Amino acid sequence: MGKLQYALFTGCTAKESTPEQLMSTYAVAEKLGIELVELSEASCCGASHLQDYDDFLSLVLNARNICYAESRGMTMVTICNTCQLNTAMTKHRLDSNPELKARVNEKLAEVGLEYKGTSQITHFLYAIIDDFGLDKIKEKVVTPLSQFNIAPFYGCHNIRPSELQNESHNSPENPYNPTSLDDLIIACGGHNVDYEEKNKCCGFHVELQAPKTAAILTGNALIGAMDQDADWMVTPCPLCHLKLDTQYEHAGQAVGREIEMPVLHMQQMVGLALGCTPEELGLQHHVANVNFV
Amino acid sequence: MKLSIKRKVTEPELREELVDYEVELEGATLLEMLTEIKTKQDSSLSFASGCRSSVCGSCAVRVNGVEQLSCAYKPNEGDVIEPLRNMEVIRDLVVDAEKAQSMNAATHAWGSQNRDNITVTPEDEKRNEVQSDCILCGACYSACPVYETNPEFLGPFALTRAWRYVTDVREGEVADKIEVIQTNGIWDCTLCGECVPVCPQSIAPKSDIDMLRNKSGVMGYMDPAFSAGFGGGLDFGAPTF
């Protein structure tokens with residue numbers, strides 16, 4: 001296998017609110033020998049809000065981002081579930097609708113770009129599982145996480161709707177019973193914790209509109225993991241991470257329980273198993289105390 | 001084949017418990033097996049059904065945690081059958097769906113005063129054909145995490161139905177239909193998509209809610225997340241390195 005190369009679409013969150021996620025992405029990529037070329041020209045994906053106001057603008061914006069991966073001849077890799085949904089959904093719609101694609105390209109021509117549909121789009125979670133391979137990750141583990149019970153939290157936008165999974169992955173995830181993150185935990189030597197909320201919503205996208213609903217959903221997820229004796233949680237989505245990590249006290253108040261639950265980015269978990277230091281993974285930047293390393 | 005069915009037992013005190021049944025009916029649907037149990041083994045087992053052909057929406061239950069129409073689902077060994085969530089259980093698999101169905105009234109999901117001299121083309125009909133297929137089975141309300149935490153949330157099928165009438169070219173009161181879905185409605189949806197895979201009619205309420213948000217924006221309403229100006233909400237922080 002030649003060296004894996006990807007065009008990295010960081011999204012906004014990893015650049016601003018969760019820079020430790022970006023750091024740990026690069027740290028893991030270096031350990032695995034994966035080359036990431038950052039799409040410095042890329043903009044926001046619209047964050048699942050823009051399309052409510054201007055669907056066509058949302059399509060043009062995401063198609064523009066994909067163009068920069070196409071011009072490099074690379075697969076685009078995302079590190080945020082909502083970025084993945086918006087870019088992959090744009091690709092799905094444009095690739096299946098030549099008329100819409102032509103309209104978008106008419107707009108893109110104003111900035112000298114053309115969307116062709118030549119680049120695949122995948123989340124970093126699936127890039128390391130599908131392309132690099134779980135067995136090879138296992139071989140590279142130097143610090144097995146065998147003393148930890150780790151609860152996976154998948155995040156909605158990576159597992160629903162199914163048609164994007166079917167297009168993007170070798171073994172599409174079952175939205176009712178996703179397994180990829182569990183498999184990755186096991187490959188890192190950890191014990192995966194099964195709990196009801198693992199494929200549920202964290203509440204992020206209604207944080208401002210319906211804060212009570214959002215806090216209860218966050219609390220339910222954290223307590224679900226706690227009650228199954230998880231030592232910590234892991235998620236591939238920085239938005240889920242923001243909710244679960246920075247809002248745990250508020251969520252605890254909403255559901256009437258005291259919550260103590262470190263939440264790691266998926267990249268930080270893999271990084272720990274591959275022998276990265278806590279500093280390289282930015283573990284000191286979490287709000288919930290990461291006291292086990 | 002063994003089926004475990006969640007029953008609401010009233011004696012000696014009210015409690016819920018899983019009861020195992022053995023039933024042999026090759027190739028049968030879950031509804032046929034439930035009927036077999038009721039007629040041959042245990043007449044006290046309660047469940048709802050009507051058309052037996054996925055049209056009336058009255059027989060939705062959860063199988064191994066996933067919403068299904070029992071008249072369309074073919075059981076497997078050891079399946080666990082439970083009533084829908086987020087609705088009061090009347091008995092065994094029978095739930096009170098009235099609250100969810102009342103949301104159709106709350107969203108004014110009906111054809112109001114018609115506009116004059118409107119011609120409905122086949123293209124116009126196609127625009128809301130899928131949304132018109134909703135059978136009100138309640139699977140989406142059972143799966144919805146927002147309805148679970150906020151019982152006043154208008155919910156998936158009522159909002160899908162609202163979109164069905166908002167897109168009807170004959171509809172004369174679109175502004176009213178958009179106004180009544182602003183509170184406990186479209187902006188409260190987390191966009192998680194739980195309502196999409198559970199729909200037996202392949203409707204995507206999440207997409208309809210997205211379209212209603214779009215329409216609301218065009219008509220001058222605003223997502224409270226933006227009207228809060230990002231200053232009134234909780235601070236996620238932006239650490240720098």
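Please read all numbers here as calculations on a predicted model, not as lab measurements.

Sorry, what's going on with the sheet that holds strand S5 (residues 149-152) of chain A here?
The strands making up a sheet associate through hydrogen bonds between their backbones, and the pairing can be parallel or antiparallel. Residues and elements named next belong to chain A. Here we have 4 strands laid out as an open sheet, ordered S6-S5-S7-S8, and parallel in their pairing. Among the strands making up the open sheet, the edge pair consists of strand S6 (191-192) and strand S8 (263-265). Relative to S6, S5 is paired through 2 bridges, and the arrangement is parallel. Paired with Asn149 across the bridge in S6 is His191. Strands strand S7 (232-235) and S8 of the sheet are contacted by helix H12 (residues 238-246), whose axis makes an angle of about 160° with S8.

In this structure, what is going on with the interface of chain B and chain A? I would like to understand it.
As a measure of interface size, the accessible area lost when the parts come together is often cited. Contacts between the two partners involve 36 residues from chain B, matched on the other side by 37 residues from chain A. If you look at where chain B meets chain A, you find 3 salt bridges. The salt bridge involving A:Lys200 is made with B:Glu194; its shortest N-O contact spans 3.6 Å. Between chain B and chain A we count 7 residue pairs in polar contact (both at pLDDT 80 or more) in total. Where the side of chain B that touches chain A is concerned, the elements lending two or more residues are helix H6 (145-149), helix H9 (205-218) and helix H10 (224-227) of chain B. Sort the elements by how many residues they give to the side of chain B that touches chain A and H9(B) lands first, with 5 residues. Grouping the constituent residues of the side of chain B that touches chain A by class yields 20 nonpolar, 8 polar and 8 charged.

What should I look at first to understand unusual backbone geometry in this one?
Cis rather than trans, the peptide bond between A:Arg160 and A:Pro161 has omega equal to 0°. Along the chain, A:Pro161 falls in the loop between helix H8 (156-159) and helix H9 (162-168). Positioned with a positive phi, A:Ser48 is a non-glycine residue whose angle comes to about 65°. With respect to the secondary-structure elements, A:Ser48 resides in the loop between strand S2 (35-38) and helix H3 (50-53). Unlike most non-glycine residues, B:Asn64 shows phi in positive territory, near 50°. Following the sequence through the fold, B:Asn64 ends up in the loop between strand S3 (60-63) and strand S4 (66-69).

What should I look at first to understand the packing of helix H4 (residues 55-71) of chain A against helix H6 (residues 98-108) of chain A in this one?
When two helices pack together, their arrangement is given by the angle between the helix axes and the distance between those axes. All names here are of chain A. Taken N-terminus to C-terminus, the directions of H4 and H6 make an angle of 75°; their axes are 10 Å apart at the nearest point. Viewed along their axes, H4 and H6 adopt a mutual orientation that is roughly perpendicular. Facing H4, whose interface residues are Phe56, Leu59, Val60, Ala63, Arg64 and Cys67, H6 presents Leu100, Arg103, Val104, Lys107 and Leu108. In terms of residue class, the contact of H4 with H6 is built from 8 nonpolar, no polar and 3 charged.

What is the right way to read helix H2 (residues 98-106) of chain B from this model?
An α-helical turn contains 3.6 residues, so a residue and the one three or four places further along point in the same direction. Residue and element names in this part refer to chain B. Along H2, the residues that are buried comprise Ala100, Met103 and Asn104. Buried residues of H2, seen end-on, are gathered within an arc of 105° and therefore sit on one face of the element. Buried positions along H2 lie against helix H5 (139-143), H6 and helix H7 (156-166). Residue His108 follows H2 closely and has a positive phi angle near 55°.

Looking at this structure, how should I read the sheet that holds strand S1 (residues 2-9) of chain B?
All names here are of chain B. The 5 strands are arranged S2-S1-S5-S3-S4 in an open sheet whose pairing can be described as mixed. Looking along the sheet, the strands with just one partner apiece sit at the ends: strand S2 (15-22) and S4. Strand-to-strand, the axes of this sheet are offset by a mean angle of 35°, without reference to chain direction. Direction of pairing for S1 relative to strand S5 (residues 79-82): parallel, over a ladder of 3 bridges. In the strand pairing of S5, Leu3 is matched with Asp79. Strands in contact with helix H1 (residues 30-40) are S1, S2, S3 and S5; relative to S1, the strand with the most contacts, it is inclined by about 65°.

I'm lost on the nonpolar core in this one. Help?
Burial of nonpolar side chains together is a common tendency in soluble globular proteins. Of all hydrophobic cores here, the largest spans 58 residues; its most connected members are B:Ile5, B:Leu30, B:Tyr141, B:Leu159, B:Ile181 and B:Leu212. Counting residues per element, this core draws most heavily on H7(B), which supplies 6 residues. If we skip the residues at most four places from it in the chain, B:Tyr141 touches B:Arg85, B:Asn86, B:Met87, B:Ala100, B:Met103, B:Tyr147, B:Leu154, B:Gly155, B:Pro156, B:Phe157 and B:Ala158. Counting 45 residues, the second largest nonpolar core, distinct from the first, contains A:Leu39, A:Val104, A:Phe153 and A:Ala230.

What counts and how
- Residues numbered from 1 in each chain as written.
- Chains lettered and ligands numbered in written order.
- Predicted model: local features only at pLDDT ≥ 70, side-chain atom pairs only at ≥ 80, totals over all residues.
- Heavy atoms only, no water.
- Pairing = 2+ DSSP bridges.
- Helix = DSSP H or I, 4+ residues; strand = E, 2+ residues; numbered from the N terminus.
- Contact = heavy atoms within 4.5 Å.
- Axes fitted to C-alpha atoms, helices over the stretch in contact; angles between N-to-C directions.
- Salt bridge = Lys/Arg side-chain N within 4 Å of Asp/Glu carboxyl O.
- Polar contact = N/O pair within 3.5 Å; in protein donor to acceptor, adjacent residues only side chain to side chain.
- Nonpolar A, V, L, I, M, F, W, Y, C, P; charged D, E, K, R; others polar.
- Parallel < 35°, antiparallel > 145°, perpendicular 65-115°, else oblique.
- Buried < 20%, exposed > 50% of the residue type's maximum accessible area, 1.4 Å probe, protein only.
- Arc of directions from axis to C-beta.
- Core = buried A, V, L, I, M, F, W, Y, C linked by side-chain atoms within 4.5 Å.

None of this, on its own, says anything about what the molecule does.
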